[in-house]
Amino acid sequence: MNDVRKSLLRYIPLFLLLTTAFEAFPQQNKQIMDQLVRRLNAYTDSLALASVYLKTSKDIYESREDLWFKAYVLDAQSHDLFGMDKTLYVRLVKAGNDSVVWQEKYPVKNGIVSGHIYLDQSLPEGDYRLSAYSAHSFYQNQPYFHASKMIKFVKEIRSLSKEKLAGIPGDPKSPQDIQFSILPEGGQLVSGITNTVAFKAVDKSGDPVNVSGELLQRNQVVKTFKSIHAGMGSFYFRPVAGANYQVRLTSPKSDRFYPLASIRDKGVVIHLSKNTKDSLVFNIVQSTGSANQPVYLRLQIRGRIQAMAAGILGDSLKITIPTVEAPQGIAEATLFDQEMRPLAERLVYLNPDKVLNITATLSREVYKIREKVSLKIRTADRNGKPVQASIGVNVYDKLYRNPEEAKDILTHYYLSTELKGRIYDPAFYFNAANKDRNEALDLLLLTQGWRCYLWNEDELKELKNDRQVLTDSTKGRLILVDVKRNKPKIQMLMVFSTDEREKRSLITDSMGRFVLGPADFVKGKWNYLKHFDAGKAEYTVALEDQFKDIEKVSKNMLFEYPVGESTKAKNKDDIASGRISMGAINLNEVKIVAKKQDVFRDKYMGHLDSLAKFEGNMDFVYPNSNWLNVPSGSNGTKPIEGQKYTVWVGPNPPTKVPFTFGAGDFKEIIYHYPKFTEEELLKKFNLTRIKGYYERREFYQPNYDKESDPAPDYRNTLLWAPEVITDKNGEATLNFFCSDINSNFIGTVEGVGPNGLLGKKEFYFNVIK
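Residues numbered from 1 in each chain as written. Predicted model: local features only at pLDDT ≥ 70, side-chain atom pairs only at ≥ 80, totals over all residues. Heavy atoms only, no water.

Caption draft 1: Main features of the overall build of the chain. Per the secondary structure count, the chain includes 10 helices and 43 strands. Within the chain, contacts between residues separated by at least 24 positions form 71% of all contacts whose residues are at least 6 apart in sequence. If you sum the accessible surface of the chain, you get close to 38,400 Å²; carbon and sulfur atoms cover 49% of it. (Helix = DSSP H or I, 4+ residues; strand = E, 2+ residues; numbered from the N terminus. Contact = heavy atoms within 4.5 Å. Areas by Shrake-Rupley, 256 points an atom, 1.4 Å probe, with all protein chains shown as cover.)

Next comes the structure, spelled out in structure tokens:
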């Protein structure tokens, strides 16, 4: 009820403004407006939905490198940092066959995650998809998945750059390959009313095709048109009742005809006539001769109502809606009749300038190898007022940038997660240097259509009834092996870390069920669970596998990823003449040979192995001799692994010294203690091993101010600072050192500020010898 009142407060001024045609505005109309607000709020009031964005240290990686990543877990509606989720599940999957090559979980701290993945040289070259999942961002029946980042993995960067230089421009598009879509503004064509018609042309791969064409009626040209951006464009025309219209492309020339949707004799058309910094202006027109009727316009962004307007529609009605207080993003404008049935719908983009403004200032533009770089960052709101922000900064060799990578924090949250379908070159719409970007963005929304809005009422209805797949915790259960034995009702477990410093007891319920929370995962990469049972009954421990749930549910989802502008045959990034660039340091034909020895990667498992070797082991070496277990019944020191000893093999082993023996009574052996697998050790000591959060590592940065290093420095990533908070003046200063690579370097600053402000800034500099 409180949320409804807030919404009413927002639309009452508009209600008064737009109803001057009424002598007295009926109470019924107020009730209808209330119901339209409540209907949407019913799906969003209790909605706790997160949205995850992944940022990596670069786009292209070589073998034996660390892939550094940062995840923003934001409220999907407000874009504020989301504090409810505590665990992020991360997978690296080979694109094409969906084979999982890495999966770990990481702790979420105040909506931020930073971690790394080691890329082993055994990985095959190709494209990989890094994906992230949390409790409130991943649902059972969601049709699309956006929390991913594509990376390219190569053995050596040189081979990749040669492939790019060898790129061949694509063949001219055949008209038969073109998919041409025609979409009227508002969703319908009405006779006798000037309609705006948008169109979009793509090839069979989904890439845009620039076209020209003609609108025909009975083979007579009514209108000519051409695309103005990414295969999209629009034209105006007034259809005639009963007429049939077709489109024919003139470039590329085609004999194929594309029919327009059927023309309605009666109806309502909505047209966005103006979109300014502070308001929207809609013209609503209905068919001549239609009776006057009350209409209601609802404007919502990401499931949150921004305004409601009402008025009497005669032949036409002009509606002006203030948008100063609205956030940036795609808004859905829906026109309803008195029965609350939608008459027309339209998507519109609001406040593209309402961003987190980021400036990144370098001490200069050219540096020498191993020279110190000072980077000053400032964050402010749209009016230049300093604001504190959570940002991430990375600096890397431009050669490791994939020019076809199209995702950043702005395109992810403002387009990819709000629209269905693949979006071509989304960065174009957020580049202020593109003067026609707002017009192009409006065309994108017209051609995608309101039904592609992931926050429309139908989508929200489905989401409200959907089920979460993950939790921050892991459920487990003690299962009695011998079901004939009586089990105690209360079971006790001990959870402890590898070093055994942190322990806590855990009590199951009567069914043997228990829960491990995030606090149990931070103790280290591995934690251990020990069961105590006075009745000596044998139990096994069953733990749920969240990654199996992810795998199962993901099979039914479509992974949508934006497409960057094609750069084949245009990319000129190559290893420059005289440039020092080693990439991953591979030593050819160098072999290190040593005594092979089984090593447990977990220290605690090594400790258990040592205990198991001696537990119940009665072997001894008789003092001042090399005899093993002779004479029988004696004792001595423990044998040493790998040492040579003499053992009795004849009949009647001696029981005292001295003793006599013949040539066939003994032999020499190399002593080995019994070997145990990790599974055998866990069973022997009644333990279950639990995978905790993946261990955090620090990004290496040398400090050449303090000490010089004669070894070559081939770092292609100079800075990875994922968790930077600007101060109250919106400022932060970062220092780092260049490597021995002389190249062009690119830096990126991305982040989130107060009230969900999002921002991005790139900077560039050169390093010379």
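Caption draft 2: Inspection of the pairing of strand S23 (residues 316-322) at higher detail. Covered by surrounding structure in S23 are Leu317, Ile319 and Ile321 only, the residues Ser316, Lys318, Thr320 and Pro322 on the alternate face being uncovered. Pairing between strand S20 (residues 279-286) and S23: 7 bridges, direction antiparallel. In the strand pairing of S23, Val281 is matched with Thr320. (Buried < 20%, exposed > 50% of the residue type's maximum accessible area, 1.4 Å probe, protein only. Pairing = 2+ DSSP bridges.)

Caption draft 3: Spatial organisation of unusual backbone geometry. At the junction of Ser251 and Pro252, the peptide bond is cis and its omega measures out at -10° in the coordinates. One can find Pro252 in the loop between strand S16 (246-251) and strand S17 (253-259). Val630 connects to Pro631 through a cis peptide bond whose omega is 0°. By the secondary structure assignment, Pro631 is in the loop between helix H9 (603-614) and strand S37 (644-648). The phi dihedral of Asp98 is positive, around 60°, even though this residue is not glycine.

Caption draft 4: Structural detail: the pattern of salt bridges. Counted by the stated rule, this structure contains 32 salt bridges. For Glu185, the salt bridge goes to Arg346, with nearest N and O atoms at 2.7 Å. Taken together, the residues Glu185 in the loop between strand S10 (179-184) and strand S11 (189-190) and Arg346 in strand S25 (residues 342-350) connect sequence positions 161 residues apart. For Glu185, a relative accessible area of 4% corresponds to the buried category. When the shortest N-O distance is used, the salt bridge between Arg364 and Glu371 registers 1.7 Å. Here the salt bridges share partners, and the residues they tie into one network are Arg401, Asp408, Lys760 and Glu762. (Salt bridge = Lys/Arg side-chain N within 4 Å of Asp/Glu carboxyl O.)

Caption draft 5: Inspection of the environment of Trp102 at higher detail. Structurally, Trp102 is set in strand S5 (residues 99-107). Accessibility expressed as a relative area gives 15% for Trp102, which makes it buried. In this structure, the C-alpha to C-alpha distance between Trp102 and Leu119, residues 17 residues apart in sequence, is 9.3 Å. For Trp102, the contacting residues outside a window of four places in its chain are Val90, Arg91, Leu92, His116, Ile117, Tyr118 and Tyr694. In terms of polar contacts, Trp102 uses its side chain to reach the side chain of Tyr106, at 3.4 Å. (Polar contact = N/O pair within 3.5 Å; in protein donor to acceptor, adjacent residues only side chain to side chain.)

Caption draft 6: Structural detail: the nonpolar core. Ranked by internal contacts, the top residues of the largest apolar core, which has 46 residues, are Leu415 and Tyr429. Counting only elements with at least two residues in this core, the list comes to helix H2 (27-44), strand S3 (65-75), strand S22 (304-313), strand S24 (329-336), S25, helix H4 (409-416), helix H5 (437-448) and helix H6 (457-464). At 6 residues, H2 tops the list of elements feeding residues into this core. Ignoring any residue separated from it by four or fewer positions in sequence, one finds Tyr429 in contact with His229, Met232, Leu415, Tyr424, Arg437, Ala440, Leu441 and Leu444. One finds Leu88, Trp102, Ile151 and Phe547 within the second-largest nonpolar core, a separate group that totals 36 residues. (Core = buried A, V, L, I, M, F, W, Y, C linked by side-chain atoms within 4.5 Å.)

Caption draft 7: Representation of the packing of H2 against H6 in the model. As a packed pair, H2 and H6 sit with axes 8 Å apart at the nearest point and diverge in direction by 40°. Judged by the angle between their axes, H2 and H6 are oblique. In the packing of H2 onto H6, the handedness of the crossing is left-handed. Where H2 approaches H6, its residues Arg39, Leu40, Ala42, Tyr43 and Thr44 are matched on the opposing element by Glu457, Leu460, Lys461 and Lys464. (Axes fitted to C-alpha atoms, helices over the stretch in contact; angles between N-to-C directions. Parallel < 35°, antiparallel > 145°, perpendicular 65-115°, else oblique. Left-handed = near helix turned anticlockwise from the far one by under 90°.)

Caption draft 8: Layout of the packing of aromatic side chains. On inspection of all chains with the given rule, the structure shows 38 aromatic pairs. With 5.9 Å between their ring centres and 20° between their planes, Phe496 and Tyr528 make a pair best called stacked. In this pair, Phe496 sits in strand S31 (residues 492-497) while Tyr528 sits in strand S34 (residues 526-532), placing the two residues 32 residues apart along the sequence. Taking relative accessible area as the criterion, Phe496 reaches 4% and is therefore assigned buried. Owing to a relative accessible area of 0%, Tyr528 belongs among the buried residues under this scheme. (Phe/Tyr/Trp six-rings, centres within 6.5 Å; stacked < 30°, edge-to-face > 60°.)

Caption draft 9: Representation of the confidence of the model for the chain within the structure. Scored by pLDDT, the chain comes out at a mean of 86, with 87% of its residues at no less than 70. Taken as a whole, residues 1-24 scores under 50 in pLDDT and shows 37 contacts with residues more than four places along the chain or in a different chain. For the stretch residues 580-597, pLDDT sits under 50, and the model shows 21 contacts to residues farther than four places along the chain or on other chains. (pLDDT = per-residue confidence, 0-100.)

Caption draft 10: Examining the side chain of Gln142 more closely. With respect to the helices, strands and loops of the structure, Gln142 is situated in the loop between strand S7 (126-133) and strand S8 (144-145). On the basis of relative accessibility, which here comes to 15%, the residue Gln142 falls in the buried class. Here the side chain of Gln142 touches Tyr144 through a polar contact of 3.0 Å, landing on its backbone oxygen. Apart from the residues lying within four places of it in its own chain, the contact partners of Gln142 are Ser137, Asp466 and Met557.

Caption draft 11: A look at the sheet that holds S22. The strand order across the open sheet built from 4 strands is S22-S21-S24-S25, with neighbouring strands paired in antiparallel fashion. What marks the edges here is a single partner per strand, and that holds for S22 and S25. Here the average twist between neighbouring strands, direction ignored, is 20°. Against the sheet, H2 engages strand S21 (293-301), S22 and S24, with an angle of about 150° to S22.

Caption draft 12: Looking closely at the sheet that holds strand S1 (residues 50-56). Judged by pairing direction, the sheet is antiparallel, and its 3 strands sit side by side in the order S1-S3-S6 without closing on themselves. Here the strands that pair on one side only, and so sit at the sheet edges, are S1 and strand S6 (112-119). For this sheet, the mean angle separating the axes of adjacent strands, direction not counted, is 25°. Here 8 bridges tie S3 to S6, and the two strands are oriented antiparallel to one another. Considered in S6, the bridge of Phe69 is made with Gly115. Along the sheet, H4 makes contact with S1 and S3, crossing S1 at roughly 150°.

Caption draft 13: Focus on the pairing of strand S19 (residues 268-275). Bridging between S19 and S20 involves 7 bridges; their strand directions are antiparallel. Pairing of Lys274 across the sheet is with Val281, part of S20. Counting the residues that bridge the hairpin from S19 to S20 gives 3 residues.

Caption draft 14: Broad picture of H2. Between the first and last C-alpha of H2 there are 26 Å, a value that for 18 residues agrees with the 26 Å anticipated at 1.5 Å per step. Among the residues of H2, those classed as buried are Asn29, Ile32, Met33, Asp34, Leu36, Val37, Leu40, Asn41, Tyr43 and Thr44. (Expected span 1.5 Å × (residues − 1).)

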